[in-house]
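Now for the letters of each chain:
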Amino acid sequence: MAQAWFATGPEGLETWELREVDVPAPQAGEVTIRVHAAGMNPADVKHSARPGATFPVPLGYEVSGEIAAIGPDTSIGSGSGSIGDEVVAFRVTGGYATELTLPAEKVFAKPRTLTHPAAANLLLAGATAAELVELTGAGEGDTILLHGASGAVGVSVLQQAAVRGIRVVGTASDARADTVRRYGGIPIAYGPGLADRAVDAGGPYAAAVDAIGTDEAIDVSLALVADRSRILTIVRPDRVASDGIVAIGGMKRASAVFRDAARPAIIDLAERGLLEVPVARTYPLEQAREAAELLMTGHAGGKIALIP
Ligand SMILES: NC(=O)c1ccc[n+]([C@@H]2O[C@H](COP(=O)([O-])OP(=O)(O)OC[C@H]3O[C@@H](n4cnc5c(N)ncnc54)[C@H](OP(=O)(O)O)[C@@H]3O)[C@@H](O)[C@H]2O)c1
């Protein structure tokens, strides 16, 4: 028997249960992955408690591991695929697991440059960041303002913007300013006086990306970016109607299509050493609740992975 985590009610982490599950043998077009690391994202916690969810909700959207079985006449998303191959998969259902069977099109060869805990956390943040960078419309020599630059989405935006020659001024705590520098950004502290610090860091700002969702992040973006269609948020859809900014999210069809299509290019960037995934900490699979508590502090200091 395999094991997998489920949210069994809307009240949050105390309802999470690790259950014994049957993993079906893969049919044509499917693959079974033995999970070496399950990636963790704030969405795992938020979506498992959203109104209208049907419980139990399987947890986890991305994994890294190896092919344990492959259906007849089946190729994975990156082509071919054999038992024992190291792979990543995104968007999966129920990644917090020892093993899972899923559509082969979601499975790609793992970048050799990344460990399993890093690879397990590459694609959700990476695909979100790819969509954000694309929608800024920024190019070589432009400057953008990035709120939450030291976070998981933030460091991926920094690296993907650097590939395009985009200059990024990014907010972070003083403790994480070096992370922003390491990935090519110009760090400034969030908090009172942010707009002045952003001006001092040097604009003009062609676009702004909000990866944190504070009113401060939105308000400073509105003050510094004239074109509201180039102010993007992944956290505050409630500010779209009032302020004319743009909100994106993986539950929206256009974003899902973009992000699925972005997977090979993100893996390629990682394979070429142009996209790293800083990992703060790993936990045994059994400690998913403790890991999620650290995740939801918003200050984990890097990605977190569960290790079966
Ligand atoms: N809509 C979507 O498709 C989508 C996709 C992915 C993520 N998200 C959302 O985006 C957010 C970020 O996700 P993540 O995975 O990047 O999270 P994360 O890794 O936990 O990063 C959070 C970042 O926020 C910063 N931060 C914390 N408090 C702050 C404040 N008061 N002001 C400014 N910055 C602050 C932290 O900086 P310091 O540690 O330096 O303080 C940290 O770097 C989450 O709300 C997540 O649910 C949405």
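Residues numbered from 1 in each chain as written. Predicted model: local features only at pLDDT ≥ 70, side-chain atom pairs only at ≥ 80, totals over all residues.

A. Fine view of unusual backbone geometry. Note that the residue after Phe90, namely Arg91, is joined by a cis bond; omega there is -10 degrees. With an omega of -5 degrees, the peptide bond running from Gly203 to Pro204 counts as cis. Within the element layout of this structure, Pro204 appears in the loop between helix H6 (194-201) and strand E12 (207-210). Phi at Asp73 takes a positive value of approximately 50 degrees, unusual for a residue other than glycine. The phi torsion at Ser80 lies on the positive side, around 45 degrees, for a residue other than glycine. By the secondary structure assignment, Ser80 is in the loop between strand E5 (62-70) and strand E6 (86-90). (Helix = DSSP H or I, 4+ residues; strand = E, 2+ residues; numbered from the N terminus.)

B. Region of the structure containing the domain arrangement of the chain. Taken domain by domain, the chain comprises domain 1 (2-122 + 277-307) and domain 2 (126-247). In this structure, domain 1 and domain 2 have C-alpha centres spaced 28 Å apart. The interface of domain 1 with domain 2 comprises five residues on the first partner and five residues on the second. (Domains from an automatic or database assignment. Contact = placed C-beta atoms within 7 Å.)

C. Examining the sheet that holds E12 more closely. Taking strand neighbours across the sheet as the criterion, the six strands line up as E11-E10-E9-E12-E13-E14 in an open arrangement whose pairing is parallel. Because the sheet does not close on itself, it has two edges, and the strands there are strand E11 (186-189) and strand E14 (246-247). Here H6 sits on the sheet and contacts strand E9 (143-147), strand E10 (167-172) and E11; the angle it forms with E11, its principal contact strand, is near 160 degrees. (Pairing = 2+ DSSP bridges. Axes fitted to C-alpha atoms, helices over the stretch in contact; angles between N-to-C directions.)

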